[in-house]
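Here's the letter readout for the chains.
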Amino acid sequence: MAMSELPNSRTEPDGSAVVRILCYNVRSMRDDEDALARVIRACAPDLVLVQEAPRFFRWRKHAARLAAKSELVVLSGGATAAGPLLMCSLRATVERTEDILLPLTPGLHRRGLATAVVRVGGARLGLISCHLSLREDERYAQAGLVLDRVAALGTPYTVVAGDLNERPGGRSRTRLAKELQDGWDIAPWGAEHTWPVTAPDRRIDAILATPGIDFLACGVPTDLDPRDLRTATDHLPVLAVVRVPAVVPAA
């Protein structure tokens, strides 16, 4: 199925929302920024969960520029979340945001979570963008903290997406899979592997969701400009189309 054949974003008559979600490690925007924005625009996402957003000098300006070039707005994250960033289209109504710094292991990079609660149509959705550690024991602990944050958001449905730095079947991925669906496992579409961009042979980036979210398609788009993909960053993007049920008002 080509990207043009994916379901379009829409709100169903019952209030449920069909939403396009993109997960993308942008390597601090050190590569071709215009190519990066073209890739994002081509995916036509409602929500973008970014990893390795700029974290240092004038990082807010860089994030705002990427959002503008991508025809989106910055929602949350960046340096205040140690790299994860959230962007969204104007279709999303923001309820609240919170950036979380995870415990620092001496000698390793600080990690964090960019989180938000948004409403799209009649659906209410939690978002968590994460970038887990390269070290196995720290990564496993961080997977548990991600699940704790899912519970703390207090939303009926939540999407977690990020660079998990681990292949499926690893200890941390297995821990996450006990509570979250993996979009590729449910509705594989496009290509599976996300890294490295020049010869991808592993799926370390993923879009996960709590039960009740219906994955319609999830994978790496295969009909984007290959030159843009190669020059944008060192990861390939993961695109998912999901249906999120409407929130039923209390009686």
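Here, the structure is the one placed above.
These numbers were taken from a predicted model, which means no experiment stands behind them. (Residues numbered from 1 in each chain as written. Predicted model: local features only at pLDDT ≥ 70, side-chain atom pairs only at ≥ 80, totals over all residues. Heavy atoms only, no water.)

1. Quick look at the overall build of the chain
Item 1. A tally of regular secondary structure across the chain gives 6 helices and 13 strands.
Item 2. Dimensions of the chain, computed from C-alpha atoms along their principal axes, come out at roughly 55 × 40 × 35 Å.
Item 3. Carbon and sulfur atoms make up 53% of the accessible area of the chain, which amounts to about 10,600 Å² in all.
Item 4. Computing the positive centroid from 31 side-chain charges and the negative centroid from 30, the chain places the two 4 Å apart. (Helix = DSSP H or I, 4+ residues; strand = E, 2+ residues; numbered from the N terminus. Areas by Shrake-Rupley, 256 points an atom, 1.4 Å probe, with all protein chains shown as cover. Lys, Arg positive; Asp, Glu negative; His and termini not counted. Charge placed at Lys NZ, Arg CZ, Asp CG, Glu CD.)

2. Section: unusual backbone geometry
Item 1. Residue P196 is bonded to the preceding W195 through a cis peptide linkage, with omega at -10°.
Item 2. Checked against the element boundaries, P196 lands in the loop between helix 5 (183–186) and strand 11 (205–209).
Item 3. Phi is positive for S28, which is not a glycine, with a value near 60°.
Item 4. Mapping S28 onto the fold places it in the loop between strand 2 (17–25) and helix 1 (33–43).
Item 5. S28 gets classed as partly exposed once you look at its relative accessible area, which sits at 25%.
Item 6. Positive phi, normally seen in glycine, also occurs at N165, with a value near 50°.
Item 7. With respect to the secondary-structure elements, N165 resides in the loop between strand 9 (157–163) and helix 4 (171–177).
Item 8. On the accessibility criterion, N165 (18% relative accessible area) is buried. (Buried < 20%, exposed > 50% of the residue type's maximum accessible area, 1.4 Å probe, protein only.)

3. Quick word on the packing of helix 1 against helix 2 (residues 59–69)
Item 1. Contact geometry of helix 1 with helix 2 gives a least axis separation of 8 Å together with a crossing angle of 50°. In terms of orientation, helix 1 lies oblique with respect to helix 2. The element helix 1 and its partner helix 2 pack so that their crossing is right-handed. Contacts from E33, D34, L36, A37, I40 and R41 in helix 1 reach R65, L66 and K69 in helix 2.
Item 2. Considering only residue class, the contact of helix 1 with helix 2 consists of 4 nonpolar, no polar and 5 charged. (Axes fitted to C-alpha atoms, helices over the stretch in contact; angles between N-to-C directions. Parallel < 35°, antiparallel > 145°, perpendicular 65-115°, else oblique. Left-handed = near helix turned anticlockwise from the far one by under 90°. Contact = heavy atoms within 4.5 Å. Nonpolar A, V, L, I, M, F, W, Y, C, P; charged D, E, K, R; others polar.)

4. Looking at the pattern of salt bridges
Item 1. All chains considered together, the criterion is met by 22 salt bridges.
Item 2. The salt bridge involving K69 is made with D34; its shortest N-O contact spans 2.8 Å. Linking K69 in helix 2 with D34 in helix 1, this pair joins segments that are 35 residues apart in sequence.
Item 3. What makes K69 partly exposed here is its relative accessible area of 29%. (Salt bridge = Lys/Arg side-chain N within 4 Å of Asp/Glu carboxyl O.)

5. Topic: the sheet that holds strand 6 (residues 93–101)
Sheet strands associate in pairs through backbone hydrogen bonding, adopting either a parallel or an antiparallel arrangement.
Item 1. If you walk across this open sheet you meet the 6 strands as 6-7-8-9-11-10, and the pairing is mixed. In this open sheet, the two edge strands, each paired with only one partner strand, are strand 6 and strand 10 (181–182).
Item 2. In this structure, strand 6 lies alongside strand 7 (residues 112–120), joined through 8 bridges in antiparallel fashion. Across the sheet, residue D99 finds its bridge partner in strand 7, namely A114. (Pairing = 2+ DSSP bridges.)

6. Things to note about the packing of aromatic side chains
Item 1. Applying the stated criterion across every chain yields a total of 0 aromatic pairs.
Item 2. When the ring centre of Y140 is taken as origin, the NZ or CZ atom of R171, which lies over that ring, is 3.8 Å away.
Item 3. Seen from the ring of Y140, R175 lies directly overhead, with NZ or CZ sitting 4.3 Å from the centre. (Phe/Tyr/Trp six-rings, centres within 6.5 Å; stacked < 30°, edge-to-face > 60°. Lys NZ or Arg CZ within 6 Å of the ring centre and 35° of its normal.)

7. Observations concerning the pairing of strand 8 (residues 123–131)
Item 1. Of all 9 residues making up strand 8, 9 are buried, and the element is well covered by its neighbours.
Item 2. Both faces of strand 8 are covered, namely the face carrying A123, L125, L127, S129 and H131 and the face carrying R124, G126, I128 and C130.
Item 3. Relative to strand 8, strand 7 runs antiparallel, the two being bridged by 8 bridges. Bridge assignment links A114 to a residue of strand 8, and that residue is S129.
Item 4. Bridging between strand 8 and strand 9 involves 7 bridges; their strand directions are parallel. Looking at the pairing, S129 lines up with A161 of strand 9.
Item 5. The parallel pair strand 8 and strand 9, bridged by helix 3 (residues 136–153), forms a crossover whose chirality is right-handed. (Right-handed = clockwise from strand over helix to strand, strands pointing away.)

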